[in-house]
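# Breakdown of the fold
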Amino acid sequence: MKIVKFIGCFFIILFCFGKLKGNQSWMVKNFSGTEYRAANQNWAVDMNPEGFIYFANHKGLLEFDGVNWQLLPLPHETILRALFVDSDSVIYTAGYRELGYWKKDGMGHLKYFSLNRLAEPFFSKNEEFWNIARLNEKIFFHSFGKILVYDENSVYPVELPGFANTMKRINDKIIVAIRDRGLFYLENDKPVPLLIDNVFRNTIIKFILPYGESDMLIGTSSNGVFIWDRQSLKLWNPGWKDYFVRNEVNRAHIGKSGQIIIGTIIDGIVVFDQEGSFMAKYNTGNELRNNTVLGIESDNFGNIWVALDNGIGFVSSDTSYPVEFLQAPDVGSLYDIAIFEGKIYLGTNQGLFSRDIARPDESFRLVHETQGQVWFLKQLNDYLIVGYNGGTLSIKNSVVRRISAQAGGFCLKEDPLAPGSHIISTYNNLVKINYREKSGFNQESLIPGFYDLIRYIEFDHRGNLWASHMHRGIYQLQLNPSRDSVIHTRYFGEGSPFGKDHSIHVFKVENRIVFTTGDSLFTYDDISDSIVPYTFLNENTGQFAKAIRIVKAPDHYYWFITRKAIGLFYIYNNQAGLINFIPRSLFKGNGMIDEFENLYPTGPTSAIISLENGYAKVNFGKIEASPISKFKPNLREVTFSGQRVPVTPGAAINSIVSIKPKFQNVRLRYSFPHYTHHTVSFKAFLKGIDDGWSDSRIDPVFSFDRLPVGTYELLVKAVDAWDNESLEEKITLKILPPFFLSTWAKRGYVLFVLLLFFGAQAWSISKTRKKERRRLEKREQEFIRLRNEKLRNEVEHKSKELANLTMAIIKKNEFLMNLKEIFAHQKEQLGSRYPDKYFNHITGKIENNISNTDDWNLFETNFERAHEQFLQKLKDKYPDLTPKDLRLCAFLRMNLASKEIAPLMGISVRGVENHRYRLRKKMGLEHDDNLIEMILKL
């Protein structure tokens with residue numbers, strides 16, 4: 001749908017409250033000590049290059065970043081009275097016996113550095129400092145009796161020729177005002193007269209301002225304000241002298257646009273243009289919190305900041321928004337407004353009030369005989385019709401006349417089928433009134449046939465009267481041909497297309513009946529004689545299809561009022577376009593009256609909105625581009641689970657903030673030093689976590705808990721009440737993985753896996769090798785076992801063979817020895833009968849067989865096989881042993897008894913024992929040594 005733009009001229013009836021000149025759109029906002037959490041009294045105000053506002057508060061230095069207030073108390077919590085923000089954001093402050101400066105540390109926090117160590121020698125008993133100025137590299141601190149100069153880490157005094165109320169740097173000079181004398185300037189740290197005049201006697205110079213290129217404005221407490229052009233001194237704005245004297249000027253400031261802002265002790269501030277023409281005045285009568293002005297500053301947007309004796313005042317110059325709030329004290333809640341015969345009329349719950357438009361300083365006064373609840377005001381035929389609790393009135397030429405006494409005139413509509421005839425809905429009856437040119441409006445009759453509490457009425461093109469009940473449903477009323485009686489009534493409630501029987505009202509859009517339900521719009525279809533959804537408007541009005549009231553304006557413009565907003569639409573020839581809208585949240589605690597929302601169109605695109613306490617002017621024909629789109633929030637501080645990491649505003653844009661895994665709870669605080677009297681909220685979008693932008697919040701603090709490991713882009717923007725958006729502030733949050741998931745750890749894991757792989761491979765190879773080695777060893781051991789077993793078997797076999805051989809030799813030798821004994825016995829018996837020749841031959845043969853070397857050689861061979869080089873070892877160890885000794889050792893190793901050895905050696909048992917004795921001696925054995933054990937060990 002093409003949005004229809006406003007084309008053509010418009011008019012707005014100009015009026016203002018609390019102003020003498022209505023071409024300003026300044027708005028006042030106040031901050032109390034409770035809001036900024038410090039003392040009520042503020043003595044000075046200044047701004048730093050980042051746009052932050054600072055105040056010299058009774059309890060310390062007060063900072064405002066557009067959203068957050070922060071109090072920075074002095075170490076001794078003394079009062080601050082003077083404040084100067086240097087170009088490099090160093091802030092100099094002074095007060096009661098205290099001089100110093102504030103500077104940001106590496107964490108971005110302001111830290112205080114006292115100069116008292118240098119300055120205290122020059123303090124008087126109750127020294128207080130009231131102004132601070134800088135010239136070149138010197139900082140000048142002004143008190144009533146002297147000036148202390150801070151220069152290169154030293155402080156020294158400049159004595160003054162009298163009581164000095166103020167000090168100001170103007171161009172390249174430090175100017176000091178001396179009571180009863182005039183102005184002095186400092187030259188080589190000495191006061192030199194600049195302007196001495198009798199006009200300054202018996203008065204106090206309160207301020208000095210540069211004026212033009214070389215002139216000065218000089219404000220005094222009792223003689224007014226003067227201009228000095230370096231040649232002559234003359235009164236500035238003579239018509240305001242009495243005002244200045246009566247209200248006691250105190251401070252002054254040149255605004256960013258060159259306007260002159262003068263603060264007073266009694267009546268707030270007054271603003272003049274560069275030519276001295278009055279622009280505006282702000283005091284407690286038009287919303288300024290307090291009238292005693294102690295400091296003035298203007299910010300980069302041309303807004304005025306006022307340090308007050310009680311709180312802080314903010315005067316906005318923002319003209320980009322089409323709404324201006326105005327007060328109407330002591331009149332009650334507004335239900336309707338009208339401008340008639342040069343007066344503005346307010347219909348309230350207390351009565352009808354009025355005042356002349358040309359006299360905005362006047363208070364509203366109750367119109368005679370109109371006390372009570374007023375429901376509507378409507379201009380007809382040069383009359384103002386007033387429907388109120390006591391009936392219906394007409395006003396013309398300030399004359400009030402009662403038309404009808406029927407209580408509660410709610411709504412008035414002209415009957416299209418009876419020109420000049422109007423019907424009024426009331427608490428009970430429908431009242432018919434007629435207009436006559438000579439007599440005006442008069443009641444004709446009550447309309448019988450219908451009695452009920454009717455809030456709104458409308459006629460359709462057929463002449464049917466639609467009446468919406470105050471609380472329940474809609475009636476369709478059919479009048480008789482003479483239009484003076486209801487002949488048919490039809491009710492639409494819960495069982496109707498509306499689907500409910502409450503909060504239904506009737507209005508007219510482009511000569512067509514429209515029903516509002518707060519959910520969607522309906523209309524009357526005369527062809528089907530039924531109520532149907534109004535598809536065209538529902539589709540083209542968006543959120544405003546939920547309207548609860550529709551008010552017609554000139555030239556096909558219509559105001560749609562919902563519970564959340566007020567929108568202006570242009571509707572004509574099947575076109576419907578939104579011009580602009582106002583969120584009702586703008587009204588805050590002074591909103592529209594619920595269920596009785598109303599406004600008074602003053603032109604096609606302008607209107608006056610009725611509020612509970614005052615009214616608001618809106619003009620959609622004067623909308624400027626929203627300045628919020630040129631700015632963006634600034635990141636002030638990032639907090640990781642209690643560990644603070646402040647960030648200088650703007651420094652974190654497009655940067656990455658890395659966060660350790662143990663600090664996965666992230667809190668970010670933003671500032672927005674774009675100052676306006678309208679509410680600004682903030683939204684955030686954490687890409688990778690959120691599906692879209694968050695809901696709006698007033699406090700730009702965004703917390704994200706338990707963020708998973710990863711990289712996220714956080715977008716933050718400011719949004720005003722009209723959904724205009726600022727630029728987006730971007731920052732990248734990188735949640736680092738725990739060490740066991742870090743890159744180095746992953747590399748370590750890869751290395752570990754590789755090492756594990758190669759280690760496992762090496763281990764596997766080693767294991768295989770060991771297994772193979774064990775297999776080989778086992779085979780070898782088995783082989784050795786088998787070999788040893790074989791050897792053992794062989795040894796056993798050989799040992800058996802040896803034993804058998806030995807036993808055979810023993811038996812043989814025993815046989816031979818027995819045989820020898822037999823022959824010896826026979827010889828002994830036969831004597832000579834047995835010849836010696838034969839005896840000796842036989843015994844010789846026997847002895848030769850007993851000592852046969854062949855038997856020994858065979859025995860030795862078998863013995864060596866069984867006992868592995870025993871005899872050789874024995875020979876090597878005991879080389880003195882004889883062969884006979886070796887034989888004995890061999891027989892002993894076989895563990896043979898002496899009686900078994902004797903036959904083998906061919907000697908007696910005793911001979912064996914003797915031989916053993918000789919063997920022990922040869923082997924060097926002691927008496928306790930066992931011969932056989934020693935032989936077995938070899």
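Above this text sits the structure in question.
In what follows, the accompanying structure is described. (Residues numbered from 1 in each chain as written. Predicted model: local features only at pLDDT ≥ 70, side-chain atom pairs only at ≥ 80, totals over all residues. Heavy atoms only, no water.)

### Description of helix α8 (residues 870–877)
An α-helix turns once per 3.6 residues; consequently, residues spaced three or four apart project the same way. Taken as a whole, α8 has its buried residues at F870, L871 and L874. The buried residues of α8 all sit within an arc of 95° when viewed along its axis, so they share a single face. (Buried < 20%, exposed > 50% of the residue type's maximum accessible area, 1.4 Å probe, protein only. Helix = DSSP H or I, 4+ residues; strand = E, 2+ residues; numbered from the N terminus. Arc of directions from axis to C-beta.)

### Topic: a positive patch on the surface
A contiguous patch of positive charge on the surface is contributed by K767, R769, K770, K771, R773 and R774. Its relative accessible area of 43% is what places R773 among the partly exposed residues. (Patch = residues over 30% accessible without salt bridge, like charges linked within 9 Å, V, L, I, M, F, W, Y side chains within 5 Å. Areas by Shrake-Rupley, 256 points an atom, 1.4 Å probe, with all protein chains shown as cover. Salt bridge = Lys/Arg side-chain N within 4 Å of Asp/Glu carboxyl O. Lys, Arg positive; Asp, Glu negative; His and termini not counted. Charge placed at Lys NZ, Arg CZ, Asp CG, Glu CD.)

### Section: the pattern of salt bridges
Between side chains of opposite charge, pairing is possible as soon as their charged atoms come close. Per the counting criterion, the structure on display carries 24 salt bridges. The salt bridge partner of R636 is E63, with a shortest N-O separation of 3.0 Å. Of this pair, R636 sits in strand β57 (residues 634–640) while E63 is found in strand β4 (residues 60–64), placing the two residues 573 residues apart along the sequence. A residue is classified by how much of its surface remains accessible, and R636, at 12% relative accessible area, is buried.

### A closer look at the pairing of strand β7 (residues 91–95)
β7 sits mainly inside the fold: five of its five residues count as buried. Residue alternation in β7 divides its side chains into two sets, I91, T93 and G95 and Y92 and A94, and both sets are buried. Where strand β6 (residues 80–85) meets β7, five bridges bridge the pair, whose relative direction is antiparallel. Counterpart to L80 in the pairing with β7 is G95. Between β6 and the antiparallel strand that follows it, β7, lie five residues; S89 among them carries a positive phi value of about 70°. Across five bridges, β7 lies against strand β8 (residues 98–104) in antiparallel orientation. (Pairing = 2+ DSSP bridges.)

### Describing the nonpolar core
In this structure, W466, I474, F498, F515, I550, F560 and I571 are the most contacted members of the largest nonpolar core, which totals 29 residues. If we ignore the near neighbours within four places in the chain, the residues touching I550 are F507, V509, V514, T516, Y558, W559 and F560. (Core = buried A, V, L, I, M, F, W, Y, C linked by side-chain atoms within 4.5 Å. Contact = heavy atoms within 4.5 Å.)

### Brief notes about a nonpolar patch on the surface
Among the surface-exposed residues, V750, L754, F757 and F758 lie close enough to one another that they form a single nonpolar patch of about 400 Å² accessible area. The residue F757 is located in helix α5 (residues 743–830) in this model.

### Topic: the sheet that holds strand β52 (residues 565–572)
Across the sheet, which stays open at both edges, the four strands sit in the order β50-β51-β52-β53 with antiparallel pairing between neighbours. In this open sheet, the two strands that pair with only one neighbour each are β50 (549–553) and β53 (575–583). Geometrically, the sheet is characterised by an average inter-axis angle of 25° between neighbouring strands, direction not taken into account. Where β50 meets strand β51 (residues 557–561), five bridges bridge the pair, whose relative direction is antiparallel. Bridging across to β51, V551 finds its partner in W559. (Axes fitted to C-alpha atoms, helices over the stretch in contact; angles between N-to-C directions.)

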